[in-house]
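As a plain string of letters, each chain reads:
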Amino acid sequence: MALVAHASCSSGSTLSPEFHRYASCLSFCGLSYLQLSARFISPKGCDFEIGVERRTRRRSGVEVNGVFEKHFSERLKEEGCHGNGVKRNTRWSSSIAIQALDVKKKGKGEILCDSNELQAKPKTKTLKNGAYLDAVLKVYCTHIEPDYSLPWQKQKQSASTGSAFVIGDKKLLTNAHCVEHGTQVKVKKKGDDRKYIATVLAIGVDCDLALLSVDNEEFWDDVVPVVFGKLPQLQASVTVVGYPTGGDTISVTKGVVSRIEVTSYAHGSTELLGIQIDAAINPGNSGGPAFNSRGQCIGVAFQALRSGDTENIGYVIPTSVVSHFLTDYERNGSYTGTRDCSYSNYGFPCLGVLLQWLENPAMRSYLKASSTEGVLVRRVEPTSSAYGTLKEGDILVTFNGTRIGWEGTVQFRLSERIALGYLISRKFSGDVVELGVIRNGDWITVQTTVSPRVHLVPYHIENGQPSYLIVSGLVFTPLSEPLIDEEDDIGLKLLAKARYSSPRFKGEQIVILSQVLANETNIGYEHMSSQQVLKFNGTEIKNIHHLAHLVDTCKDKYLVFEFEGDFLAVLEKESAMSASSSILKDFGIPSERSADLFEPYVDHLCENHVLEKEIGDSPVSNAEFGLDGLFWA
């Protein structure tokens, strides 16, 4: 499978991103292809497209590249690991190869980086002898993705290839999108025709990284891991190594570092530090390392921008993000920051506040701001740890002692600035931060914790399989971005909620009736699809698990569902329950509900801040703001 990013400018466009599916049959070199693509329009005027080409079964070998860029913003500070180091192992052949780090432990399980830069040791291989190439591998993955429209089954099996590299401690690093939904992963070393079965240890969708291991001891013979280097300077030379499309052997491309800033990660729909380079990143390069002139790895190739107006714009995940991912895994024995779960405690955190620039002098005077620094707090998400600590109308001036400019940037390197989100992403979930705030003209200091953001409509599904509930042929499932991507009949009101609504409490979901499996018990409702269900027997529905609980404990004669738009559906309980088994048999469905809905329902509302009204009217991601001046931290 080859993923190719195409981007073209759509000047002056202010439309919010909407995803559309289309397919076209192509013919090339006697092979049939099916090209799928997801398209969206950036409010900044750039029209990006992520395309996927899959070869049919007439040929089993297929190529893959990563997911690609959709939005860009401010710069990043060069501080190497910034306290996000990983554990050192004295065995060079099996140590995680951030041997450049001066690493020390602080307390049980907490590993910190003592230096501000990743420094290479004399052992580092040089670019001239090319020994670092031996650490780069080719990845073969077989994928089976969920079918979000028919959530009880999977989609057709597909295959892809990508790149990976050895980082020590008998571990390999690659991109999350190279192995996500993988049923079998194999790796092959340079100059070897044998493929080894690899195990996926962790997948970080938010940072587009994955950790692999190989159990076969023969694989590790004469394997030397890469050495991680420091964050490069602008115009520093960079070499990207991997197995891109166009051939079967290893490929090397060269360029320079063009830009370092907070960048949108297209696969994870997050904004983290990224390195922009002009070296070619093609389908199949995803997961491969990028090296500096000393042979040190400065990051992982993961996405590229293609358009008629741009050339050779590729992106690399820097070592500071890699280190954060590895440290999270080392601390917890797993990585769960990618879950769109309301109670996840790992991964890259956020502050959960909507901020506005304070450039205008009259506004600063009106708000009693004593300086030209700081940004205005416009909203605090109720699922954020800062809810109740920060208030609408506060002016956020400092973050852990670092002063914030009126554009929401902080000092970076000697003469650069970087987005505030960079400082937040350096923290781990649960870390306590100190905020300097001007409130009603008075300076105060407050403390809060940071945690992963909770989405009302998730971008990724925990464990990869969507939840569903079937009641007498009525199929209910939570609304998600993958479901929106698959369906073409999602109404504008649902799309608006997905783009502009935040959860009122942790665990809240938009539950929709995705379709009706026709049966005499549900006659008259067959036309219904993609409708949000609001209440069951007069009780407001919190999430899909809550709906299943209400149905299971119902003592009434009728099952009454109230939908968006004042539509009502009523089923006679006894006949509806008795018809369920025959409906499942007729449509070949193994169960009336997903496995997670068999677990006892636990109401977490007592642990949450609950708002009586919906939170809306503001885009839920920075990529969807149609103007400068507002951004989520």
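Preceding this section is the structure that the text describes.
Heads up: these notes are all about the structure in this document. (Residues numbered from 1 in each chain as written. Predicted model: local features only at pLDDT ≥ 70, side-chain atom pairs only at ≥ 80, totals over all residues. Heavy atoms only, no water.)

Looking only at helices and strands, the protein has eight helices and 35 strands in total. A burial count over the protein gives 56% of its 633 residues as buried. Within the protein, counting contacts between residues at least 6 apart in sequence, those at least 24 apart form 67% of the total. Surface exposure of the protein reaches about 26800 Å², of which carbon and sulfur atoms provide 48%. (Helix = DSSP H or I, 4+ residues; strand = E, 2+ residues; numbered from the N terminus. Buried < 20%, exposed > 50% of the residue type's maximum accessible area, 1.4 Å probe, protein only. Contact = heavy atoms within 4.5 Å. Areas by Shrake-Rupley, 256 points an atom, 1.4 Å probe, with all protein chains shown as cover.)

As judged from the six bridges shared by strand E14 (residues 237-242) and strand E15 (residues 251-265), these two strands associate in the antiparallel manner. Looking at E15, one finds that Thr 239 is bridged to Lys 254. Strand direction decides the pairing type here: E15 and strand E16 (residues 270-277), joined by eight bridges, are antiparallel. Along E16, the bridge assignment pairs Thr 263 with Leu 272. Hairpin remark: E15 followed by E16, antiparallel, with four residues in the connecting loop; positive phi at Ser 269, about 55°. (Pairing = 2+ DSSP bridges.)

Below, the discussion takes up helix H6 (residues 492-500). Every buried residue belonging to H6 is among Leu 494, Leu 495, Lys 497, Ala 498 and Arg 499, and all of these are buried. On its buried face, H6 sits against helix H5 (481-486), strand E30 (511-516) and strand E31 (531-536).

Take the nonpolar core next. Membership of the largest hydrophobic core comes to 92 residues, with the highest contact counts inside it found for Leu 396 and Leu 420. Once you skip the residues sitting within four places of it in the chain, Leu 396 turns out to touch Leu 351, Leu 355, Gly 374, Val 375, Val 377, Ile 404, Leu 420, Leu 435, Gly 436 and Val 437. (Core = buried A, V, L, I, M, F, W, Y, C linked by side-chain atoms within 4.5 Å.)

This brings us to the sheet that holds strand E10 (residues 171-174). With respect to topology, six strands assemble into a closed barrel ordered E8-E9-E10-E13-E12-E11, the strand pairing being antiparallel. Between one strand and the next, the sheet's axes are offset by a mean angle of 40°, whatever the strand orientation. Two elements, strand E8 (residues 136-143) and strand E9 (residues 158-168), share eight bridges in a ladder whose sense is antiparallel. When the sheet's bridge partners are listed, Val 136 is paired in E9 with Phe 165. (Axes fitted to C-alpha atoms, helices over the stretch in contact; angles between N-to-C directions.)

A word on the packing of aromatic side chains. Overall, the coordinates contain 11 aromatic pairs when judged by the stated rule. Each ring, one from Phe 536 and one from Phe 561, has its centre 5.1 Å from the other, and the planes form 55°; the classification is tilted. With Phe 536 in strand E31 and Phe 561 in strand E33 (residues 558-563), this pair connects stretches of sequence that are 25 residues apart. Per residue, the accessibility class of Phe 536 equals that of Phe 561, and both read buried. Each residue in the set Tyr 196, Phe 219 and Trp 220 is aromatic and connected to the rest through ring pairs, giving one cluster. Across from the ring centre of Phe 219, 5.2 Å away, lies the NZ or CZ of Lys 189, which sits over that ring. (Phe/Tyr/Trp six-rings, centres within 6.5 Å; stacked < 30°, edge-to-face > 60°. Lys NZ or Arg CZ within 6 Å of the ring centre and 35° of its normal.)

Attention now moves to the environment of Ser 451. On the secondary structure map, Ser 451 appears in the loop between strand E27 (442-449) and strand E28 (469-471). Measuring from C-alpha to C-alpha, the distance between Ser 451 and Gly 352 comes to 8.5 Å, with 99 residues separating the pair along the chain. Among all residues touching Ser 451, those that are not within four sequence positions of it are Pro 349, Cys 350, Ser 385 and Ser 429. Engagement of the side chain of Ser 451 in a polar contact is seen with the side chain of Ser 385, the distance being 3.4 Å. (Polar contact = N/O pair within 3.5 Å; in protein donor to acceptor, adjacent residues only side chain to side chain.)

What follows deals with the environment of Val 227. Tracing the chain through its elements places Val 227 in the loop between strand E13 (209-214) and E14. Linking Val 227 and Arg 294, residues 67 residues apart in sequence, is a C-alpha distance of 10.0 Å.

Turning our attention to the pairing of strand E22 (residues 395-399). Counted residue by residue, E22 has five buried out of five residues, so it is predominantly covered. Sheet topology note: the strand E21 (residues 375-380)/E22 ladder contains two bridges and is antiparallel. Within the sheet, the bridge partner assigned to Val 375 lies in E22 and is Leu 396. Both E22 and strand E26 (residues 432-439) contribute to a ladder of four bridges, which runs antiparallel. Within the sheet, the bridge partner assigned to Thr 398 lies in E26 and is Gly 436. Taken together, the two bridges between E22 and strand E23 (residues 402-403) define a ladder with antiparallel strand orientation. Pairing of Phe 399 across the sheet is with Thr 402, part of E23. Connecting E22 to the antiparallel partner E23 that follows it, the hairpin turn spans two residues, and Asn 400 within it adopts a positive phi of roughly 50°.

The next subject is the side chain of Gln 276. Structurally, Gln 276 is set in strand E16. By relative accessible area, Gln 276 is classed as buried at 9%.

If you check the backbone angles, Lys 170 has positive phi at about 55° while not being a glycine. With respect to the helices and strands, Lys 170 occurs in the loop between E9 and E10. Residue Lys 170 is classed as partly exposed on the basis of its relative accessible area of 31%. With phi around 60°, Lys 368 is a residue other than glycine that occupies positive phi space.

Attention now goes to the state of the cysteines. Covalent bonding between the sulfur atoms of two cysteines is what defines a disulfide. Using the criterion set out here, one finds zero disulfides in the structure. Free of any disulfide, Cys 178 has its nearest neighbouring cysteine sulfur in Cys 141, separated by 8.3 Å. According to the relative accessible area criterion, Cys 178 is buried, its value standing at 1%. (Disulfide = S-S within 2.5 Å.)

Right, let's get into the side chain of Thr 448. Residue position: Thr 448 is located in strand E27. Assessed through its relative accessible area of 5%, Thr 448 is described here as buried. Sequence-distant contacts of Thr 448, that is, excluding residues within four places in its chain, are made with Leu 351, Ser 385, Ala 386, Thr 389, Asp 431, Val 432, Val 433 and Leu 435.

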